[in-house]
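Working through the structure, step by step
The residues making up each chain are set out below.
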Amino acid sequence: MDTIFIKEADQKRTWYVIDAAGKPLGRVAAKAAATVRGKNKATYAPHQNMGDYVVIINADKVAVTGGKEKKKMYYKHTGFVGHLKHYNFETLIGRHPEKPLQLAIKGMLPHNRLGRALLSNVKVYAGTEHPHAAQNPQPLEV
């Protein structure tokens, strides 16, 4: 069986908008990751960037259950010895409202240069306003 390669000119990419207000963090991230990868298309190929663009609004109102506001931890290391920083969900969403959703989507994408390219097709915004109205994004239900 031959490997199928779709040319960049033959790909039709559409823009979608997801309203994350009151929706579970993992469900929004899973739907966005699958759409960005192109798994909703019949021409899906795991080795190509052929997915659509996803705009996520109201990222600051995303829901987590089971007391994860205080229990879910995010870690980062500064590079210096003993400088491991940790934040819970509540603190991180207070400082950077888009960050928990970006990190969840990043973890669901491939961990290579394709994944980094796919992550650039996801736009996350804390409020309802976004600068991508000219692309006429279609609503995507979670």
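Scroll up to find the structure.
Predicted, not measured: the structure shown is a model, and the values here were computed from it.

Attention now goes to the overall build of the protein. Per the secondary structure count, the protein includes five helices and six strands. The N-to-C order of helical and strand elements in the protein reads β-α-β-α-β-β-α-α-α-β-β. Dimensions of the protein along its principal axes, counting C-alpha atoms only, are 50 × 35 × 25 Å. Counting every position in the protein, which comprises 142 residues, the buried fraction comes to 35%. Summarising the internal contacts of the protein: among those between residues at least 6 apart in sequence, 67% fall at separations of at least 24. Accessible area for the protein stands at about 8900 Å²; split by element, carbon and sulfur atoms hold 55% of it. Positive and negative side-chain charges in the protein, numbering 22 and 11 respectively, have mean positions lying 8 Å apart.

The strand order S5-S2-S1-S6 describes an open sheet built from four strands, whose pairing is parallel. Lying at the two open borders of the sheet, with one neighbouring strand each, are strand S5 (122-124) and strand S6 (138-139). In terms of strand pairing, strand S2 (residues 53-57) meets S5 through three bridges, oriented parallel. Of the residues in S5, the one forming a bridge with Val 54 is Val 122. Running over the sheet, helix H1 (residues 25-37) touches strand S1 (15-19), S2 and S5 and is turned about 160° from S2.

The rules behind each value
Residues numbered from 1 in each chain as written. Predicted model: local features only at pLDDT ≥ 70, side-chain atom pairs only at ≥ 80, totals over all residues. Heavy atoms only, no water. Helix = DSSP H or I, 4+ residues; strand = E, 2+ residues; numbered from the N terminus. Buried < 20%, exposed > 50% of the residue type's maximum accessible area, 1.4 Å probe, protein only. Contact = heavy atoms within 4.5 Å. Areas by Shrake-Rupley, 256 points an atom, 1.4 Å probe, with all protein chains shown as cover. Lys, Arg positive; Asp, Glu negative; His and termini not counted. Charge placed at Lys NZ, Arg CZ, Asp CG, Glu CD. Pairing = 2+ DSSP bridges. Axes fitted to C-alpha atoms, helices over the stretch in contact; angles between N-to-C directions.

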